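# Examination of the molecular architecture
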Amino acid sequence: MNALQLLADWNPKAAYQISAPELQSRKVKSGSSVWHNPRLEFGILPDPECAADEVLLEVSAVGICGSDMHMYEAGADGYILYPGLTRFPNILGHEFSGRILEIGKDVRGLAVGDLVAVEEVNWCGTCDACRRGLVNHCTQMEELGFTTPGAMAQYIAVKAKYCWKLEEIAERLGDERQAMLLGAMVEPTGVSYHAMFNRLSTWKPGVYAAVFGGGPIGLAAVALAAAAGASQIIALDVSESRLEIARKLGATTTLNPKGLDLNATLLELTHGHGVDFVIEAAGAPMQTLSPLTSSLAVGATIAHIGRSEKPTSLSLEHYQVRGVQLAGSLGHAGHGTFPNVIRLMASGKLDMRPMVSAQMALRDAKAAFKRLESRVDAKIILLPNSEPTESV
Ligand SMILES: [Zn+2]
Ligand SMILES: [Zn+2]
């Protein structure tokens, strides 16, 4: 089959203590401390085989994520930028939809021909974190497209327990191609959904919401905030093209935060009450969360999604006095997130298609990654088994 692999050299930084399991499995906790000289290779790999608890999928659509970019891009020292769990060489791609071609003998509830989206977080179900219901914090986790082969390929075998059916979307749209495009965006949308609605149960229709970051996760948060009845959605990003998409997805105000007095502006927009629900999807908490003080409403919630390794200073005194809670959020698995996102998409209440700036054939993947270096596009979707059409 055709597939896009990422190759990188094993070259642990002197300061990084490689553990025995990391050495043995080559699955490392901090990719940016180990993997050097990343490069993409498009070519032919063996077709995957379907185990008893797996299904074999023909991949319909697969999005390129910021994390894919951070595995592909190296810093000045030549190490990949992505700081998380990784094993290379590996096929990239974790935001995708596909059609079932084959089912393993132990699989129940799925059939050949079903259209599905797949959780990227491959939780084990047996570790302590999983047994507590915290599947996104599984201690034995594999991550599809990070540590195990991903979906930037014609075919992929995945465990049936990570699959969710997309038929409802296809029925609603009456167009399988469009349904599969939406299906590829269930995963990134699920990341925002998990942060907003699962981590803390503080969301209320009517809230004043502010979303920092206009990448796909921030844009999904804007769309979810609109679907969930926010009365104001203030989207902040330095890119005008991304703010334009935010407006299409439901942002009521869009702001470039550069040089802005954040507290004064947010207070003015919220009639002096402050923001009830803040979503950090910029990965720049020093610029987004640190300045927030008087513009946090009493009882405000901060959902922190964007990744940043640097320590961040926060005005905890304000948090205490105003009863503010902050939840770090990771992942999208469990908690009914995938099926609820799929239902929202099927109902027409959540349409992420304005975010897709281009569809490209998988063979053009390297060009797509190159194009994304400028960060002008919000989302490029690759099609491993069909040719792109004009309309998104
Ligand atoms: Zn992603
Ligand atoms: Zn687990």
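Quick caveat, the model's predicted, so the values are computed rather than measured. (Residues numbered from 1 in each chain as written. Chains lettered and ligands numbered in written order. Predicted model: local features only at pLDDT ≥ 70, side-chain atom pairs only at ≥ 80, totals over all residues.)

The next subject is the overall build of the protein chain. Broken down by element type, the protein chain carries 13 helices and 18 strands. Compactness check: the protein chain gives a C-alpha radius of gyration of 21 Å against a globular reference of 21 Å for 392 residues, within 12% of the reference. A principal-axis box enclosing the C-alpha atoms of the protein chain has dimensions of 60 × 55 × 40 Å. Within the protein chain, the fraction of its 392 residues that count as buried is 47%. Excluding contacts between residues fewer than 6 apart, the proportion of contacts in the protein chain whose partners are at least 24 apart in sequence is 73%. (Helix = DSSP H or I, 4+ residues; strand = E, 2+ residues; numbered from the N terminus. Rg over C-alpha atoms; globule rule 2.2 N^0.38 Å. Buried ≥ 20, exposed ≤ 12 C-beta atoms within 10 Å, placed from the backbone. Contact = placed C-beta atoms within 7 Å.)

Grouped burial of nonpolar side chains is what soluble globular proteins tend to show. Met152, Ala209, Val211, Val222 and Ile279 are the most contacted members of the largest nonpolar core, which totals 115 residues. At eight residues, the largest contribution of residues to this core is made by helix H7 (residues 216-227). Both domains that meet at this core, namely domain 1 (2-188 + 333-383) and domain 2 (200-328), each give it at least three residues. Excluding residues that lie within four positions of it along the chain, Ile279 makes contacts with Ala195, Met196, Ala209, Val211, Phe212, Ala221, Ala303 and Ile305. Residues Trp123, Cys138, Met141 and Ala333 belong to the second largest nonpolar core, which totals seven residues. (Core = buried A, V, L, I, M, F, W, Y, C linked by C-beta atoms within 7 Å. Domains from an automatic or database assignment.)

The subject of this paragraph is the packing of helix H6 (residues 186-198) against H7. When two helices pack together, their arrangement is given by the angle between the helix axes and by the axis-to-axis distance. H7 packs onto H6 with a crossing angle of 60° between their chain directions and a minimal axis gap of 8 Å. Taken together, the axes of H6 and H7 lie oblique to each other. Classified by chirality, the crossing of H7 by H6 is right-handed. Only Pro216, Ile217, Ala220, Ala221 and Leu224 of H7 make contact with H6, whose side of the interface consists of Pro188, Thr189, Val191, Ser192, Tyr193 and Met196. Across the contact of H6 with H7, the residue classes break down as nine nonpolar, two polar and no charged. (Axes fitted to C-alpha atoms, helices over the stretch in contact; angles between N-to-C directions. Parallel < 35°, antiparallel > 145°, perpendicular 65-115°, else oblique. Left-handed = near helix turned anticlockwise from the far one by under 90°. Nonpolar A, V, L, I, M, F, W, Y, C, P; charged D, E, K, R; others polar.)

If you check the domain split of the protein chain, you get domain 1 (2-188 + 333-383) and domain 2 (200-328). For domain 1 and domain 2, the distance between their C-alpha centres works out to 27 Å. Facing 13 residues of domain 1, the contacting portion of domain 2 comprises 16 residues. When grouped by side-chain class, the residues that make up the side of domain 1 that touches domain 2 number nine nonpolar, one polar and three charged.

This brings us to the packing of H7 against helix H8 (residues 240-249). H8 packs onto H7 with a crossing angle of 20° between their chain directions and a minimal axis gap of 9 Å. In terms of orientation, H7 and H8 fall into the roughly parallel class. Like other packed secondary-structure pairs, H7 and H8 cross with a definite hand, here right-handed. Touching Leu219, Val222, Ala223 and Ala226 of H7 are Ile245, Ala246 and Leu249, all from H8. Class assignment for the residues of the contact of H7 with H8 results in seven nonpolar, no polar and no charged.

Turning our attention to the pairing of strand S14 (residues 275-280). In terms of burial, S14 is largely enclosed, as six of its six residues are buried. Here strand S11 (residues 208-212) pairs with S14 via four bridges, running parallel. Along S14, the bridge assignment pairs Val211 with Ile279. (Pairing = 2+ DSSP bridges.)

Moving on, we get to the environment of Thr337. With respect to the helices and strands, the residue Thr337 is situated in helix H12 (residues 337-347). Dropping the residues within four chain positions of it, Thr337 is found in contact with Gly190, Tyr193, His194, Asn198 and His332.

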